[in-house]
Amino acid sequence: MLHIQDPSYSRSYSTHEALVHTCSNSVSGFGAFAFASAKGIELLFEDDEFDRLLERGQYFLIVGIDEITNTASIGALEKIRENRPNLEIKVFLHNERSIFHPKVSFFRDEHGKGQLVIGSGNLTIGGLRQNRECFAMVHLSKEKATAVQEEWQSWLDESGVFLKDLDDPEVLRRASENVRMLLRKNRRQDNGEQPPEPIQEPEAELEPDANWIFTHENKALIAEIPRSGARWKQANFDKGTFENFFGATPG
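The sections below set out a description of the structure shown in this document. Note that the structure is a prediction, hence the values are computed from the model and not measured.

Helix and strand content of the chain: eight helices and eight strands. By residue count, 39% of the 251 residues in the chain fall in the buried class. Looking at the chain alone, contacts between residues at least 24 apart form 77% of all its contacts between residues at least 6 apart. Just so you have it, the chain exposes about 15100 Å², and 50% of that area is on carbon and sulfur atoms.

Looking now at unusual backbone geometry. Positive phi, close to 70°, is recorded for Ile 68, a residue that is not glycine. Within the fold, Ile 68 resides in the loop between strand S3 (59-64) and helix H4 (71-82). Exposure remark for Ile 68: the relative accessible area of 7% places this residue in the buried category.

This part is about the packing of aromatic side chains. Under the criterion given, the structure shown has 14 aromatic pairs. Taking the centre distance of 4.3 Å and the plane angle of 15° together, the rings of Phe 92 and Phe 100 count as stacked. Of the residues examined, Phe 92 reaches a relative accessible area of 9% and is grouped as buried. One aromatic cluster in this structure is built from Phe 30, Phe 60, Phe 92, Phe 100, Phe 106, Trp 152, Trp 155 and Phe 162.

This next bit is on the pairing of strand S2 (residues 28-33). Judged by how many residues are buried, S2 sits mostly within the fold: five of six residues are covered. One ladder, built from six bridges, connects S2 with strand S5 (residues 103-108); its direction is antiparallel. Opposite Phe 33, over in S5, you have Lys 103 as the bridge partner. Pairing of S2 with S3, which is carried by five bridges, proceeds in the parallel orientation. Each residue of the ladder has a partner; that of Phe 33, found in S3, is Val 63.

Residues Ile 41, Leu 44, Phe 45, Phe 50, Tyr 59, Leu 61 and Leu 123 are the most contacted members of the largest nonpolar core, which totals 34 residues. Elements with a minimum of two residues in this core: helix H1 (15-23), helix H2 (38-45), helix H3 (48-56), S3, H4, strand S4 (87-92), strand S7 (133-140) and helix H7 (169-190). Formed by 15 residues, the second largest nonpolar core is a distinct cluster that contains Ala 32, Ile 62, Phe 100 and Val 148.

Reading the values: the criteria
- Residues numbered from 1 in each chain as written.
- Predicted model: local features only at pLDDT ≥ 70, side-chain atom pairs only at ≥ 80, totals over all residues.
- Heavy atoms only, no water.
- Helix = DSSP H or I, 4+ residues; strand = E, 2+ residues; numbered from the N terminus.
- Buried < 20%, exposed > 50% of the residue type's maximum accessible area, 1.4 Å probe, protein only.
- Contact = heavy atoms within 4.5 Å.
- Areas by Shrake-Rupley, 256 points an atom, 1.4 Å probe, with all protein chains shown as cover.
- Phe/Tyr/Trp six-rings, centres within 6.5 Å; stacked < 30°, edge-to-face > 60°.
- Pairing = 2+ DSSP bridges.
- Core = buried A, V, L, I, M, F, W, Y, C linked by side-chain atoms within 4.5 Å.

Structure representation (structure tokens):
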């Protein structure tokens, strides 16, 4: 079944909703995502339904690190894995000119049947909820689910040299480099420069909170908070600031 994630579409169904719904009826699974941000990782893997899945069985996650996935992403993965022994995580690290680019998750239920969620959304806030994405949910018989797992395992067996631990020194180096790349991109955009053509799909920047959207044109307020003996320190604002900066109404 095809689903469209589009905040302006009346029948929008998000990748996040699909993954959480599917894992709630499953006992094991695996997934691979090209890019992962800290907020996307937390949104999905700190969900109660994923925790319940990990109480029933295992989930194996592989994330790419060609772009976007950075030190904050690695830190979020390490934190989430700490108390979840049934969550296995590897980073796909390679030195080829190609890009690790999948966005897929597989789940298997207690009867052996399976379900694939395959689409365009990465493991980021944008990919899971905010961007306009498409994905398909594919229901699998017991035999086809077994075939999918066998194909996955065959690929894992041949890709072992690329699958690295979160604390691998080269993984940490690449994660740090991705931070610098994103900061350079942001600075170019703030200066009105056109960034060079990306070698793959663009993704969110250092991903601001969905409720805290800002641009370089927004005004900032700097206020001095004076000392006042043993009293609480407090900032005082005139009526104009109260109304025009904060958008508040006196009384």
